[in-house]
Amino acid sequence: MNPLGLFPQPEYADVASVGLPRALLYYRYAALWQTFFAEIGRTTVVSRPTDRDILTRGDALSIDECCLASKAYLGHVDDLIGRCDALFVPSLANVGRRRGFCTKFQALPDLVANTFHGRDVRIASCLVDEVGEKSGMQDAFLSLGARFGVGARDAKHAYKEALRAQTRADRAAAHEQERLLASLAPSHGQSAGRPLAILLVAHPYVAHDPCFGGQIAELLDGMGCVVAFADECDHDEALRASFDFSETLPWLVNRELVGAITLLHDRIDGIVLASAFPCGPDSMTDDAILRCIQGKPILNLTIDAQSGTAGLETRVESFVDILRYQQKGGYAR
């Protein structure tokens, strides 16, 4: 199938500004998306960081069975209505075998279209499905460029620049995290007294959202811990390492998180698993992590729309106290 033949009419040629909801895979592909639209001459409008108002609006727009991250996404879409000409809502199925995304990402354009039916919301989308439709990421963005009235040559250039920007952003994050962890390496085997290194294992839209994992990172930082993020480990290395853990795990991001644990296992003091309730992929992956990862204390946290921060604070504080006691040799005697 030739993606450029899917949309012969440039239906979005009149779109000058494109809205990007600051949720879900925006936290993974922000540089790619923003650079691509800039390269084809469009302005991007990003919704504001998640707050209680956005969560409340998203929860009211969702059914109860939606995960908290999806509810937040709808709140971000609502925040952008009237502030842009069209919303970018991609459909992401997979980027190869054993490199899939949660089905909610594939269905996202339909979810948004039906939720906001009658509110004059224009959706610009593209399909990434290497396994089923033989449409990879580049194919999808060339198709998207055609829908915006951009020629194939210019669209290809835009995608290459976007890919470079995303690669630079990923490498910079991985390099900074490597530098941070290297600075914590104990001298002559002495670890007592140095800051605890905690690996926060969560989808990027949980780990870096101020209302979700951001609270956890702030708590740990306030207790003098150094927080490493599993999603900021080198993606390619983590993906390769994940196959030593499981040959059949189907989700790309979960694979990268598992691979990061195996790569950083000996350089951290503890692991915090954080999930947005009720995440299907995490419910399976986190259980496997708890069963199979040995030698490091693990705190498993589930974030939902109703709970406050008091219980979260208590559990994180207790976890850090245990790690500090262990660091001093309290459990080795």
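Residues numbered from 1 in each chain as written. Predicted model: local features only at pLDDT ≥ 70, side-chain atom pairs only at ≥ 80, totals over all residues. Heavy atoms only, no water.

Counting secondary structure elements, the protein chain contains 13 helices and 10 strands. The C-alpha radius of gyration computed for the protein chain amounts to 21 Å, which stays within 12% of the reference 20 Å derived for 333 residues, consistent with globular compactness. Its C-alpha atoms put the protein chain at 75 × 40 × 30 Å along the principal axes. In the protein chain, buried positions account for 51% of the 333 residues. Here the contacts in the protein chain between residues at least 6 apart in sequence split such that 74% fall between residues at least 24 apart. (Helix = DSSP H or I, 4+ residues; strand = E, 2+ residues; numbered from the N terminus. Rg over C-alpha atoms; globule rule 2.2 N^0.38 Å. Buried < 20%, exposed > 50% of the residue type's maximum accessible area, 1.4 Å probe, protein only. Contact = heavy atoms within 4.5 Å.)

Let us now look at the packing of aromatic side chains. Overall, the coordinates contain 12 aromatic pairs when judged by the stated rule. Between Phe-88 and Phe-141, the aromatic rings sit 6.1 Å apart at their centres with planes inclined by 55°, giving tilted as the arrangement. Separated by 53 residues along the polypeptide, Phe-88 in strand β3 (residues 86-88) and Phe-141 in helix α6 (residues 137-147) bring together distant segments of the chain. Exposure class is identical for Phe-88 and Phe-141. Each is buried. (Phe/Tyr/Trp six-rings, centres within 6.5 Å; stacked < 30°, edge-to-face > 60°.)

Below, the discussion takes up the packing of helix α2 (residues 52-61) against helix α3 (residues 68-80). The interhelical angle for the contact between α2 and α3, taken along N-to-C directions, is 105°, at an axis separation of 7 Å. Considering the angle they form, α2 stands roughly perpendicular to α3. In this structure, α2 contributes Ile-54, Leu-55, Arg-57, Gly-58, Asp-59 and Leu-61 to the contact, and α3 contributes Leu-68, Lys-71, Ala-72, Leu-74, Gly-75, His-76, Asp-78 and Asp-79. (Axes fitted to C-alpha atoms, helices over the stretch in contact; angles between N-to-C directions. Parallel < 35°, antiparallel > 145°, perpendicular 65-115°, else oblique.)

Here the bond from Phe-277 into Pro-278 is cis, since omega is -15°, no more than 30 degrees from zero. Take Pro-278: it is sitting in the loop between β9 (270-276) and α12 (280-292). The backbone of Lys-134 sits at a positive phi, close to 55°, despite the residue not being glycine. With respect to the helices and strands, Lys-134 occurs in the loop between β6 (127-129) and α6. Accessibility expressed as a relative area gives 60% for Lys-134, which makes it exposed.

An order of β2-β1-β3-β5 is seen for the 4 strands of this open sheet, with the pairing classed as parallel. Two strands bound the open sheet, and with one partner strand each, they are β2 (43-46) and β5 (123-124). Examined bridge by bridge, strand β1 (residues 17-20) and β2 share 4 bridges and lie parallel to one another. Looking across to β2, one finds that Val-18 is bridged to Thr-44. (Pairing = 2+ DSSP bridges.)

A few words now on the environment of Ala-30. Here Ala-30 shows up in helix α1 (residues 26-39). Of the residues examined, Ala-30 reaches a relative accessible area of 17% and is grouped as buried. Along the chain, Ala-30 and Ala-165 lie 135 residues apart, while their C-alpha atoms are 9.6 Å from each other.

By the definition in use, this model includes 16 salt bridges. Two residues, Arg-83 and Asp-79, come together in a salt bridge whose shortest N-O distance is 2.8 Å. Assessed through its relative accessible area of 8%, Asp-79 is described here as buried. A salt bridge links Arg-194 to Asp-269; its shortest N-O distance comes to 3.0 Å. (Salt bridge = Lys/Arg side-chain N within 4 Å of Asp/Glu carboxyl O.)

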